[in-house]
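# Notes for the structure review
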Amino acid sequence: MVEREPTEIREHYVLTSADYEKGLKEGKLLGLRCKDCKQTTCPPMIVCQRCGSKELEKTELSGEGELMTFTVIRIPPEGYEAPYIVCLVKTKEGPWIIGRLDYDTEKMSQKLLGKKVRVKGVYAHVDKYSGGEHVCPVFEILQ
Amino acid sequence: MRDVAIIGMGHTKFGKAEKTQIELFAEAAMQAMEDAGVDRKQIEALFMGSVLPMFEEGQGMTSAYSVSELGLGSIPSTRFEGACASSTIALRDAYMWVGSGQYDIVLAGGTERALIMGTPFATRTFAMGGHAATEGPAGLTFPGVFAMTAVLYSRFYDIPLEKLREKMAYVSIKNHKHGALNPLAQWYQKYGNLKVEEVLNSRMIADPLTLLDCCPFSDGAAAVVICAADIARRYTDEPVYILGTGQGSGGALARLEDFTKPASRISSARMAFKSAGLSPKDIDVLELHDCFTSAEIIALECMGFFDWGEAADATEDGQTDLGGKIPTNMSGGLIGKGHPIGATGASQACMIVEQMRGAAPKGNQVDPVPEIGMTDTLGGDFGTLGHIILGRSRRSK
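Residues numbered from 1 in each chain as written. Chains lettered and ligands numbered in written order. Predicted model: local features only at pLDDT ≥ 70, side-chain atom pairs only at ≥ 80, totals over all residues.

Another point: the environment of B:Leu72. All names here are of chain B. If you trace the backbone, leucine 72 turns up in the loop between helix 3 (62-69) and strand 3 (77-80). Judged by the 20 C-beta atoms lying within 10 Å of it, leucine 72 is buried. Excluding anything up to four places from it in sequence, leucine 72 contacts Arg40, Ile43, Leu46 and Val67. (Helix = DSSP H or I, 4+ residues; strand = E, 2+ residues; numbered from the N terminus. Buried ≥ 20, exposed ≤ 12 C-beta atoms within 10 Å, placed from the backbone. Contact = placed C-beta atoms within 7 Å.)

Take a look at the structure:
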């Protein structure tokens, strides 16, 4: 029998979701830049979210973007306190990301759509089912 | 692939159940086997959708225990989980296994018992169908997903949100009207004559969706007996043939970007049309995943029944009701009939079979009896999509 080298263990992740959340807590919006298509992936994945390439490097996004859509959650899941605003933001670098918006829930209006927003902090949540604490970005509207 | 047919169906009344979800499924499955006239010894495998049984009743492996409950011996059983699309992907796999020649006669369907969880815990467990790491801390709920869908739709097609809400209200009015006529529906004989104002002014759940824009939490089960088309007429004079199927997968909501046009639904619907050799103009009746009013509008567009941005107007215009271009959710849909998530896809297939037998309740039956029908089932925030095209005639002779 031909002798073979033991199977090599190869790790592919450049940035995990834990790294991403740690960055958020330190005030950084981290993502990946694709060496092939030059586009940005955020939050991180094992491949480029645009082209599927594995050739990725860590990058820091500006944390700024455009408010694309939002809702005021009035009936929350168990363990959450309503009302609160969930929103989707198109980052300057391209990817859309989900987070909360720091704004008066009773003053929310469609007129805020398209406004420039910026990551101002994090919202943390943990319950019996969440696999530990997780954070998402909290955005503020830039005047 | 050889041709495959549905030869029997069973469906519990949706709403609040006192039975366990295994008992619910056994009721639906027993009805389906009796409807088909097959003996329990002829069933070779079970394919079953079941989403949250561990949270609802502390019960795993609902498929295996359903086999035992029904006295089906030791036949193979598999539980499918694709959130609210679970039983559609169960039916699709059942179709594949029979089509491949591995089995001749199988049972497929689904079950759920969500009401026992109560709204806060049900909302928490349903949200597990979203992307937990990113959408969990944000506190996104499913009404929230389709509220944000409505906001995006309003923005992209330049329809003022208040106008769009009125158009969306017609989805609720139509589906409640038909649900009120369906004895199997959770809202049978209720909400059958809603007005736009009642929808707009009911309790706000996730702005801009009100309670009447939403489907309810439900208990229920549905099942079908699926068999090789060559032997279908031994059991029934009215086999309904599976002409094509599709399935698709999607990622976290933010990655979809414009989620009024989720790629998972578009590719799944196209796969179904391609495998059936048909197009939207061939479909006579449609059961689609109206978990929320805005969900029905975008689904109609993704499947190609209306052009982008046109389904809201078409709905207000009656194009999705009886006599319109494509009668949609004549059973009441999820909004009027209820949405026991693990059972919904199988329920949709049952409602199409009922239409094809001409046996739908008066006021819901498409006339003339439809030749070709389609189901559309959505799991999570576009994470799992499934489509099934059914016909009264075989694809190949």
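Each neighbour pair has its own omega, and for A:Ala82 with A:Pro83 the value is -5°, a cis peptide bond. Tracing the backbone through its elements, the reader meets A:Pro83 in the loop between strand 4 (64-73) and strand 5 (84-91). With omega at 0°, the peptide bond leading from B:Asp367 into B:Pro368 counts as cis. Tracing the backbone through its elements, the reader meets B:Pro368 in the loop between helix 16 (344-356) and strand 10 (372-379). Phi at B:Gln189 takes a positive value of approximately 60°, unusual for a residue other than glycine. Looking at where B:Gln189 falls in the secondary structure, it is placed in the loop between helix 8 (161-179) and helix 9 (196-201). Positioned with a positive phi, B:Phe382 is a non-glycine residue whose angle comes to about 75°. Checked against the element boundaries, B:Phe382 lands in the loop between strand 10 and strand 11 (384-391). Given 24 C-beta atoms within 10 Å, B:Phe382 falls into the buried group.

Residues and elements named next belong to chain B. With respect to the secondary-structure elements, isoleucine 297 resides in helix 13 (residues 293-302). In this structure the C-alpha to C-alpha distance between isoleucine 297 and alanine 311, which are 14 residues apart in sequence, comes to 5.4 Å. Those residues within four positions of isoleucine 297 in sequence are excluded, and the remaining contacts are Tyr153, Met168, Val171, Ala311, Ala312 and Thr315.

In short, shape yes, function no, at least from these values alone.
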